[in-house]
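Working through the structure, step by step
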Amino acid sequence: MLKQKFVLYFPAAVTEEPFTYYLIKDYNLMVNIIRADINPRKEGRAVVELSGEKEDFQEGLEFLQSRGVKVFPLEQEIVWVEERCTQCGACTAICPSGALVMERPQMTVKFLNDRCVACEYCIKACPSRAMEVRF
Amino acid sequence: MVKKTYAEINARIKAGEAVVVTAEEVTPMVRERGLEETAATVDVVTTGTFGPMCSSGAFFNLGHSKPRMKMSHVYMNNVEAYTGIAAVDAYLGATQIPDTDAANKTFPGEFNYGGGHVIEELVAGKEVVLEATAHGTDCYPRRKLDKVVRLEDLPQAFLFNPRNAYQNYNVGVNLSDRTLYTYMGILKPNLGNANYSSAGQLSPLFNDPYYRTIGMGTRIFLGGGEGYVTWHGTQHAPGAPRAHNGTPIMPAGTLAVIGDLKGMSSKWLRGVSFLGYGVSMMVGIGIPIPILDEEMLKYTSVSDEELFAPVMDYSESYPQGLGEVLGQVSYAQLKSGEISVNGKLVTAAPLSSYFKARQIAEILKDKIKKGAFLLTEPVFTLQSFMNNDA
């Protein structure tokens, strides 16, 4: 059983297709829509959590891509807004994957994107709200 | 023996000859050259701190409307300001949240906006929605006002913070088995992390532990502009236990400070949110310490290895007011990112920005060197007890 969050970008031409229905019926996937911005004849974006068996998971994602939907894992969407950051370091104790670390001796915060697992703990732990999820 | 007066130091500043260093830079100087030689050379040591300081806020005169109004409720961007003073005066506190904020009804509340954020937006030059209501009187007939204001439109606006620049503070930990949401940030269960909030060796009151040079009228860097110390702050506790170098090992002295909001910057006044707790404001403060003699130099040369903070459990000891301290750790240990509590290694994270504290000390140093910032001799110094070594 696999479970992962994705950001899906729908080209304007396909926003009216019932992708959720196909993923559930044809690929046996559980689809949890976390956030979505879908409008008729406009490019749409959605954040979904997919769960299912490994094979179904793979085929489901390939199906989306074959229909022109761009699929990105969610971790690419956590953003460090440096100009809002006060370099305090409150986030560094909360980040479970070591993606937010203090650089010593400068005592500045560093965001290592490749270590981020998109758990989103930092979003609310940051006092100055310098961490954002962008969809 | 080196002896210097404020007047002599100011004369050197005006002549562009003053030797000014930060509290970080002075420590190795004293180690290398000794107290007497360094005291003869250095005139001023600059300090800095930038952290959440809840007891902050601003007084506003909102200007009279036509017809006039005695405002009894004032909201700025939906955040209420206190109006129990004259007609169009109000005090907006940094920790005030909108009446409509769900607070902790859904725990932990997010507290995304409050008084500190309004002050930050005003100093950034942004428009703020002002809403006022009144009961109406013969002299002040108007009952409702709704308009958009900017800081520049307000006749007077000054920051007046009753408690800032705490001389030392607790290190927050959590001995319980559930996550705590506190003003010391998120504390993970079973000693999951340790949060601290002081600039340590750069912090103003750690560099003048008995307040020999700090008191009413001391000119300071405040929120990016100039301000003054007006009084000892609320909860000022000069009798706190102290180490042999004179620095307190518990929270001790505090400052009440004032300054014109119109000269300040949103870079140095920042609204902040603490999950499950509330809002606050990060305030930047820097104080120049005149090196009047070797003793003052000795105080300013203190380093993180010699400054100690108490570790406090925020699941029981702090909220219940039991006062039990789990141990003392040095700021050098805290800054290393790991401390030992009850025999366990715990990740330590700061809530105050050492990076910004250092920038403040540098800005103040440059201003003094350029002759753009003169020192003031306090009218009287803060209440102090000099003989209570731990």
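Just so you know, these numbers come straight off a predicted model, no measurement behind them.

1. Remarks on the domain arrangement of chain A
Interface size is commonly expressed as the accessible surface area that is lost when the partners come together. Split into domains, chain A comes out as domain 1 (2-76) and domain 2 (81-133). Taking only C-alpha atoms, the centre of domain 1 of chain A and the centre of domain 2 of chain A are 29 Å apart.

2. Some thoughts on the interface of chain B and chain A
If you look at the interface, chain B gives 31 residues, while chain A gives 23 residues. A combined buried area of about 1,900 Å² lies between chain B and chain A, and 55% of that area is made up of carbon and sulfur atoms. By the criterion of area lost to chain A, the three top residues of chain B are Arg270, Pro350 and Phe355 of chain B, representing 24% of everything that side buries. Across the contact surface, chain B and chain A share two salt bridges.

3. Details of the packing of aromatic side chains
In the structure shown here, the tally under the stated rule is 23 aromatic pairs over all chains. Ring pairs connect the aromatic residues Phe10, Phe19, Tyr21, Tyr22, Tyr27 and Phe63 of chain A, which therefore count as one cluster. Lying over the aromatic face of Trp268 of chain B, Lys356 of chain B brings its terminal NZ or CZ to 4.7 Å of the ring centre.

4. With respect to the nonpolar core
By size, the foremost hydrophobic cluster in this structure holds 138 residues, and its most contacted members are Phe60, Met76, Leu261 and Ile339 of chain B. The element best represented in this core is helix α7 (residues 354-369) of chain B, accounting for six residues. Setting aside anything within four residues of it in sequence, one finds Ile339 of chain B in contact with Val171, Ala194, Val311, Val329, Gln333, Leu334, Lys344, Leu345, Val346 and Ala348 of chain B. Core analysis: the next-biggest nonpolar cluster, separate from the first, contains 17 residues, Phe6, Ala46, Leu50 and Val69 of chain A among them.

5. Details of the sheet that holds strand β2 (residues 44-46) of chain B
Residues and elements named next belong to chain B. Across the sheet, three strands lie side by side as β1-β2-β20; this open sheet has mixed pairing. Both outer strands of the open sheet, β1 (20-22) and β20 (288-290), are each paired with one neighbouring strand and no more. Between one strand and the next, the sheet's axes are offset by a mean angle of 25 degrees, whatever the strand orientation. Across the sheet, α7 touches β1, β2 and β20, and the angle it forms with β1 is around 180 degrees.

6. A word on the pairing of strand β23 (residues 338-341) of chain B
Residue and element names in this part refer to chain B. Judged by which residues are buried, β23 turns out to be one-sided: Ile339 and Val341 face inward and are buried, whereas Glu338 and Ser340, on the alternate face, are not. With four bridges connecting them, β23 and strand β24 (residues 344-350) associate as antiparallel partners. Paired with Ile339 across the strands is Val346, a residue of β24. Between β23 and β24, which pair antiparallel in sequence order, lie two residues; one of them, Asn342, sits at a positive phi of approximately 50 degrees.

7. With respect to the pairing of strand β15 (residues 219-222) of chain B
Residue and element names in this part refer to chain B. On β15, burial covers both faces: Arg219 and Phe221 on one face and Ile220 and Leu222 on the other are all buried. Here β15 runs beside strand β16 (residues 225-232); their pairing, made up of four bridges, is antiparallel. Looking across to β16, one finds that Leu222 is bridged to Gly225. Turn length for the β15-β16 hairpin, with the two strands adjacent in sequence and antiparallel, is two residues, and the turn residue Gly223 shows positive phi of about 55 degrees.

8. So, the pattern of salt bridges
Pairs can form between side chains of opposite charge once their charged atoms are near each other. For the structure on display, the rule yields 17 salt bridges over all chains. Between Lys110 of chain A and Glu103 of chain A there is a salt bridge, and its shortest N-O distance comes to 3.7 Å. Note on Lys110 of chain A: relative accessible area 35%, which makes it partly exposed. Taking the shortest distance from any N to any O, the salt bridge between Lys365 of chain B and Glu25 of chain B comes out at 3.0 Å. With Lys365 of chain B in helix α7 and Glu25 of chain B in helix α2 (residues 23-33), the pair connects residues that are 340 residues apart, well separated along the chain. The exposure class of Lys365 of chain B is buried, given its relative accessible area of 8%. On the accessibility criterion, Glu25 of chain B (28% relative accessible area) is partly exposed. One salt-bridge network, in which partners are shared between bridges, spans Lys3, Arg212, Asp293 and Glu295 of chain B.

Cut-offs applied
Residues numbered from 1 in each chain as written. Chains lettered and ligands numbered in written order. Predicted model: local features only at pLDDT ≥ 70, side-chain atom pairs only at ≥ 80, totals over all residues. Heavy atoms only, no water. Domains from an automatic or database assignment. Contact = heavy atoms within 4.5 Å. Buried area = accessible area lost by both parts, 1.4 Å probe. Salt bridge = Lys/Arg side-chain N within 4 Å of Asp/Glu carboxyl O. Phe/Tyr/Trp six-rings, centres within 6.5 Å; stacked < 30°, edge-to-face > 60°. Lys NZ or Arg CZ within 6 Å of the ring centre and 35° of its normal. Core = buried A, V, L, I, M, F, W, Y, C linked by side-chain atoms within 4.5 Å. Buried < 20%, exposed > 50% of the residue type's maximum accessible area, 1.4 Å probe, protein only. Helix = DSSP H or I, 4+ residues; strand = E, 2+ residues; numbered from the N terminus. Pairing = 2+ DSSP bridges. Axes fitted to C-alpha atoms, helices over the stretch in contact; angles between N-to-C directions.

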